[in-house]
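Notes for the structure review
Residue strings, one per chain:
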Amino acid sequence: MRIGVDFDNTIVCYDALFHRVALEQKLIPPELPVNKSEVRNYLRRAGKEPLWTEMQGDVYGARMAEAAPFPGVLEFFQQCRQANIAVSIISHKTRHPFLGEKHDLHAAAANWLELQGFFDPDKIGLPRAEVFFELTKEAKLARIAQRKCDHFIDDLPEILAEPSFPAISRILFDPADLYSDETRFFRAKSWAVISKRLISEPEGFREFAVRGGLASPITVEPMSGGGNNRVYFVSDGKQKTVLKQYFRQAADARDRFASERAFYGFLWGRGLRRTPEPLAWDAEKRLGLFEFIDGEKLRSADAEAVDQAMQFIVELNQDTSAAAGLPNASEACFSMEEHVAVIDRRVARLAEIEPSHTEAVAFVQESLQPAWRKIRAAIRGSSPARRILSPSDFGFHNALRPADGRLRFFDFEYAGWDDPAKLICDFFCQPQVPVPLEYWDRVTAALGDKALAERARLLLPAYQIKWCCIMLNEFARHDRERRDFAQGAATSAQRKIAQLAKARAAFQTISHA
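In this text, all values refer to a predicted model and were calculated from it rather than measured experimentally. (Residues numbered from 1 in each chain as written. Predicted model: local features only at pLDDT ≥ 70, side-chain atom pairs only at ≥ 80, totals over all residues. Heavy atoms only, no water.)

1. As for the overall build of the protein
Looking only at helices and strands, one finds 18 helices and 18 strands in the protein. By residue count, 53% of the 513 residues in the protein fall in the buried class. Counting contacts in the protein only where the partners sit at least 6 residues apart, residues at least 24 apart contribute 68% of the total. In the form shown here, the protein has an accessible surface area of approximately 23,400 Å², with 50% of it arising from carbon and sulfur atoms. (Helix = DSSP H or I, 4+ residues; strand = E, 2+ residues; numbered from the N terminus. Buried < 20%, exposed > 50% of the residue type's maximum accessible area, 1.4 Å probe, protein only. Contact = heavy atoms within 4.5 Å. Areas by Shrake-Rupley, 256 points an atom, 1.4 Å probe, with all protein chains shown as cover.)

2. So, the nonpolar core
One finds Leu-368, Trp-372, Phe-396, Phe-409, Phe-427, Ile-465 and Leu-472 to be the most contacted residues of the largest nonpolar core, which totals 79 residues. The element best represented in this core is helix H16 (residues 450-471), accounting for 12 residues. (Core = buried A, V, L, I, M, F, W, Y, C linked by side-chain atoms within 4.5 Å.)

3. Some remarks on the state of the cysteines
Such a bond, covalent and formed between the sulfur atoms of two cysteines, is termed a disulfide. Summed over all chains, the structure comprises 0 disulfides. Free cysteine Cys-80: the closest other cysteine sulfur is in Cys-149, separated by 12 Å. (Disulfide = S-S within 2.5 Å.)

4. A few points about the pairing of strand S6 (residues 151-154)
Side chains His-151 and Ile-153 project from S6 onto one buried face, and the interleaved Phe-152 and Asp-154 project onto a second face that is buried too. For strand S1 (residues 2-5) and S6, the ladder comprises 3 bridges, and the chain directions are parallel. Within S6, the residue paired with Ile-3 across the bridge is His-151. In terms of strand pairing, S6 meets strand S7 (residues 169-173) through 4 bridges, oriented parallel. Residue pairing in the sheet places Ile-153 in a bridge with Ile-171 of S7. (Pairing = 2+ DSSP bridges.)

5. Quick notes on the packing of aromatic side chains
Under the defined criterion, the tally for this structure stands at 30 aromatic pairs. Pairing Tyr-264 with Phe-412 gives two aromatic rings, centres 5.2 Å apart and planes at 65°, and the pair type is edge-to-face. Here Phe-412 lies in the loop between strand S17 (408-409) and strand S18 (416-418) and Tyr-264 lies in helix H10 (residues 256-269), a separation of 148 residues in the sequence. Their ring planes at 90° and their centres at 5.3 Å tell us that Trp-281 and Phe-290 sit as a pair that is edge-to-face. Residue Phe-290 is classed as buried on the basis of its relative accessible area of 6%. The aromatic ring of Tyr-60 is capped on one face by Lys-93, whose charged end is 5.0 Å from the ring centroid. (Phe/Tyr/Trp six-rings, centres within 6.5 Å; stacked < 30°, edge-to-face > 60°. Lys NZ or Arg CZ within 6 Å of the ring centre and 35° of its normal.)

6. Focus on the environment of Arg-206
Tracing the backbone through its elements, the reader meets Arg-206 in helix H9 (residues 205-211). Relative accessible area serves as the criterion here: at 35%, Arg-206 is assigned to the partly exposed category. For the pair Arg-206 and Ser-216, spaced 10 residues apart in sequence, the C-alpha to C-alpha distance is 8.3 Å. A distance of 2.5 Å separates the side chain of Arg-206 from the backbone oxygen of Ile-218, its partner in a polar contact. (Polar contact = N/O pair within 3.5 Å; in protein donor to acceptor, adjacent residues only side chain to side chain.)

7. Here's the deal with the packing of helix H1 (residues 15-24) against helix H3 (residues 49-60)
Where H1 meets H3, the axes come as close as 11 Å, and the angle between the chain directions of the two elements is 120°. Taken as axis vectors, H1 and H3 run oblique relative to one another. In this structure, the crossing between H1 and H3 has a hand that is right-handed. Residues Leu-17, Phe-18, Val-21 and Ala-22 of H1 touch H3, and the partners they reach there are Trp-52, Met-55, Gln-56, Asp-58, Val-59 and Tyr-60. (Axes fitted to C-alpha atoms, helices over the stretch in contact; angles between N-to-C directions. Parallel < 35°, antiparallel > 145°, perpendicular 65-115°, else oblique. Left-handed = near helix turned anticlockwise from the far one by under 90°.)

8. Some details on the side chain of Gln-308
Relative to the assigned elements, Gln-308 resides in helix H11 (residues 303-316). Take Gln-308: its relative accessible area is 13%, and that puts it in the buried class. Residues in contact with Gln-308, not counting those within four places in the same chain, are Arg-274, Gly-405, Arg-406, Leu-407 and Phe-409.

9. Describing H16
Compared with the 32 Å implied by 1.5 Å per residue over 22 residues, the 31 Å span of H16 between its first and last C-alpha is a close match. Most pronounced at Leu-460, the bend in H16 amounts to some 40°, and the proline Pro-461 follows within four residues. Summarising burial for H16: 17 of the 22 residues are buried, a large majority. Where H16 begins, the side chain of Asp-449 points an oxygen toward the backbone nitrogen of Ala-451, at a separation of 3.2 Å. (Expected span 1.5 Å × (residues − 1). Bend = angle between axes of the 7 residues up to and from the residue.)

10. Overview of unusual backbone geometry
Of note, Arg-286 is a non-glycine position whose phi angle comes to about 60°, a positive value. Looking at the element boundaries, Arg-286 is found in the loop between strand S12 (278-282) and strand S13 (287-291).

11. Section: the pattern of salt bridges
A side chain of one charge can pair with a side chain of the opposite charge if their charged atoms are brought near each other. Applying the stated criterion across every chain yields a total of 34 salt bridges. Of the charged contacts, one joins Arg-63 and Glu-24 as a salt bridge, the two residues approaching to 2.5 Å between their closest N and O atoms. Linking Arg-63 in the loop between H3 and strand S3 (68-69) with Glu-24 in helix H1, this pair joins segments that are 39 residues apart in sequence. Overall, the relative accessible area of 17% leaves Arg-63 in the buried class. Between Arg-455 and Asp-419 there is a salt bridge, with the nearest N and O atoms lying 2.8 Å from each other. Here the residue Arg-455 occupies a position in helix H16, and Asp-419 occupies one in the loop between S18 and helix H14 (420-429), the gap between them amounting to 36 residues. (Salt bridge = Lys/Arg side-chain N within 4 Å of Asp/Glu carboxyl O.)

12. Some points on the packing of H11 against helix H15 (residues 440-447)
For the pair H11 and H15, the least separation of the axes is 10 Å and the interaxial angle reads 20°. Overall, the two elements H11 and H15 adopt an arrangement that is roughly parallel. Remark: the crossing between H11 and H15 carries right-handed chirality. Contact with H11, carried on its side by Ala-303, Val-306, Asp-307, Met-310, Ile-313 and Val-314, involves Arg-442, Val-443, Ala-446 and Leu-447 of H15 and no other residues of that element. Its residues placed into classes, the contact of H11 with H15 shows 8 nonpolar, no polar and 2 charged. (Nonpolar A, V, L, I, M, F, W, Y, C, P; charged D, E, K, R; others polar.)

13. Brief notes about the sheet that holds S6
Ordered in space as S5-S4-S1-S6-S7-S8, the 6 strands form an open sheet in which the pairing is parallel. Of all the strands in the sheet, the pair left with one neighbour each is strand S5 (131-134) and strand S8 (186-188). Strand-to-strand twist in this sheet, taken as the mean axis angle between neighbours without regard to direction, amounts to 25°. Sheet analysis places strand S4 (residues 86-92) next to S5, joined by 4 bridges and oriented parallel. If you follow His-92 over to S5, its bridge partner there is Glu-134. The strands touched by helix H8 (residues 191-199) within the sheet are S1, S6, S7 and S8, with S7 carrying the most contacts at an inclination of about 160°.

Written out as structure tokens, the structure reads:
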């Protein structure tokens with residue numbers, strides 16, 4: 001994980017310095033609150049904007065060393081270092097002031113960081129190469145993308161809201177509570193809040209990691225990408241592992257922790273090694289510890305990857321004698337009526353979308369529901385001839401390719417017994433790493449006969465509707481709570497916009513719509 005941090009008014013607090021300089025120049029009354037914004041606003045009201053601009057050059061240049069860090073920011077950087085979390089300082093800063101003496105503002109800022117111990121290996125130890133002072137706002141946004149930040153912290157909502165801002169987690173640092181009405185981003189009034197959010201660890205995880213074979217001292221680093229759970233990279237310097245903290249919701253009867261634990265137990269009991277090794281489980285705290293797979297995410301599906309995925313399913317079902325106790329998969333279907341009922345429920349749940357989400361409501365009522373009625377009427381057929389063990393939610397979004405080229409699959413919270421036709425449809429419908437329909441015959445031939453292929457083809461439009469519904473989960477309260485647990489409630493509005501766009505795009509691919 002990498003965290004990006006703005007510099008001015010995020011790391012550096014100028015309130016006292018601006019107030020002091022303005023008093024020295026007899027520009028403000030002593031009783032004016034000690035706040036940079038108060039000084040600026042007072043001078044603007046007094047028609048002294050040029051003096052404010054010149055003062056900025058003086059503060060950011062010749063007197064920069066007198067500025068103070070915000071409380072808790074040095075501790076935040078130290079905690080990131082202890083947790084092995086990479087940090088980049090990325091700021092939009094002109095080289096010279098607009099008015100007054102031509103101070104080198106970049107050099108003054110770098111010197112301030114030096115004085116505060118940012119580059120000292122015995123203190124913060126930030127690499128100098130991770131400090132970027134960009135001349136334009138556009139260059140700043142490009143640098144955030146180039147450094148592949150997972151989170152970015154800034155004091156200006158207009159920067160975080162830029163259309164070209166990378167699609168990452170954004171945190172608004174608002175110590176003076178200037179943006180209390182801001183709901184687009186997670187808003188933090190202190191660095192302690194940010195530390196808790198980004199560097200927090202599950203209760204008892206260190207003792208749990210030791211039970212899993214790690215030795216103290218142990219470091220933890222939150223990992224991005226968990227859709228339903230919180231995921232952490234945990235290491236003792238030699239062994240690398242992944243810690244998973246499972247979400248549990250009273251309204252959801254399915255126990256994702258128990259399902260995944262049972263499925264991993266079956267896989268490794270059978271000697272199947274196409275998954276990370278499970279190292280430890282804690283049912284009370286709902287924690288799972290797994291081998292860390294050092295591999296790359298798949299960006300697209302090719303014939304070799306598809307063949308490996310199907311080989312995993314074939315191996316999984318070669319001997320199921322020890323699998324009698326495994327549960328049915330989530331939303332398992334063993335008749336055409338059950339397939340229809342699953343999508344009926346998905347579509348019906350979208351009726352709970354709040355009317356204020358007018359675009360989402362219109363899409364559901366004017367496009368999704370009419371298409372489903374048409375597709376539903378065309379579904380006919382008999383019950384499936386067999387059932388299989390299915391990882392469920394199976395696709396290349398839950399796979400990594402290590403250096404040996406042998407794919408490893410993970411995330412089996414919904415796994416269990418199911419209709420192979422449903423597995424096939426879900427495999428081709430999952431949106432993160434789309435599987436082109438050109439591989440349809442390859443997949444159906446690997447898993448079954450002509451009858452299975454025909455039944456899956458009949459059900460495909462229905463499951464395309466289902467996946468449009470899944471993309472709109474952000475608008476359904478119970479599903480949104482899982483995402484908020486994993487990713488934070490502050491990103492909810494952004495996720496809604498993105499998911500509605502994805503649902504609309506996916507809807508255009510439904511041939512029977």
